[in-house]
Amino acid sequence: MNEIEELHRQLQAASGGDAKLDHCLATVLNQPPAPYTESVDACRRLQLALLPAWRLHLGYDARGFFPYAALSLGSSHVEAVAPTVPLAILRALLNVLATEPANPTPEVPPAT
């Protein structure tokens, strides 16, 4: 299991703020320490640092209970649901890092 997969596993198990997980995120992703698991602003800065071209959308699941985060770029779209908004953003971010190239070439419509 690589470091991104391990972070993904830890985020799936997380239910709220976790200083140890924050440290692991900063270390593995080579980013400054921050309360990522507790702060939407810190998560947004992390997303912009790692995936600047990706669009972030936040909302709530169909029942209006759990927050979700969606990241999209061109035809690539990843979503994640979590108990908190910061965890939803982090789960979506790690889903992208684990499955997508960080900066895929955006699809350009054919000239007409």
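Structure: above.
Quantities reported herein were computed from a predicted structural model and do not represent experimental measurements. (Residues numbered from 1 in each chain as written. Predicted model: local features only at pLDDT ≥ 70, side-chain atom pairs only at ≥ 80, totals over all residues. Heavy atoms only, no water.)

*Asks:* Honestly, the packing of helix H1 (residues 3–13) against helix H4 (residues 85–99) in this entry has me stumped. Any pointers?
*Replies:* Helix packing geometry: the angle between the two helix axes and the distance between the axes. The contact between H1 and H4 brings their axes to 10 Å, and the two run at 155°. By the angle between their axes, H1 is roughly antiparallel relative to H4. Pair H1 / H4 crosses with left-handed handedness. For the pair H1 and H4, the contacting residues are Ile-4, Leu-7, His-8, Leu-11 and Gln-12 in the first and Leu-87, Leu-90, Arg-91, Leu-94, Asn-95, Leu-97 and Ala-98 in the second. Along the lines of polarity and charge, the residues of the contact of H1 with H4 split into eight nonpolar, three polar and one charged. (Axes fitted to C-alpha atoms, helices over the stretch in contact; angles between N-to-C directions. Helix = DSSP H or I, 4+ residues; strand = E, 2+ residues; numbered from the N terminus. Parallel < 35°, antiparallel > 145°, perpendicular 65-115°, else oblique. Left-handed = near helix turned anticlockwise from the far one by under 90°. Contact = heavy atoms within 4.5 Å. Nonpolar A, V, L, I, M, F, W, Y, C, P; charged D, E, K, R; others polar.)

*Asks:* Could you clarify how one ought to interpret unusual backbone geometry in this entry?
*Replies:* Comment: phi is negative for the bulk of residues other than glycine, and the bulk of peptide bonds are trans. Despite not being glycine, Asn-30 has its phi angle at roughly 55°, a positive value. Tracing the backbone through its elements, the reader meets Asn-30 in the loop between helix H2 (19–28) and helix H3 (40–50).

*Asks:* Looking at this structure, how should I read the nonpolar core?
*Replies:* Inside soluble globular proteins, nonpolar side chains tend to come together where they are buried. Formed by 31 residues in total, the largest nonpolar core has its most connected members in Leu-25, Tyr-36, Leu-71 and Leu-90. Among the elements of the structure, H1, H2, H3, strand S2 (67–73), strand S3 (76–81) and H4 are those that each provide at least two residues to this core. Per-element accounting of this core gives the leading share, eight residues, to H4. The residues contacting Leu-25, other than those within four sequence positions of it, are Leu-7, Leu-11, Asn-30, Tyr-36, Thr-37, Leu-90 and Leu-94. (Core = buried A, V, L, I, M, F, W, Y, C linked by side-chain atoms within 4.5 Å. Buried < 20%, exposed > 50% of the residue type's maximum accessible area, 1.4 Å probe, protein only.)

*Asks:* Before we go on, may I ask you to explain the side chain of Ser-72 in this structure?
*Replies:* Take Ser-72: it is sitting in strand S2. On the accessibility criterion, Ser-72 (17% relative accessible area) is buried. Setting aside anything within four residues of it in sequence, one finds Ser-72 in contact with Ala-53, Trp-54, Arg-55 and His-77.

*Asks:* Sorry, what's going on with the packing of aromatic side chains here?
*Replies:* Here a ring pair, both rings aromatic, is described through the centre-centre distance and the interplanar angle of the planes. Enumeration over the complete set of coordinates arrives at one aromatic pair. Both rings, one in Phe-65 and one in Phe-66, keep their centres 4.6 Å apart while their planes meet at 80°; by these two values the pair is edge-to-face. Overall, the relative accessible area of 58% leaves Phe-65 in the exposed class. (Phe/Tyr/Trp six-rings, centres within 6.5 Å; stacked < 30°, edge-to-face > 60°.)

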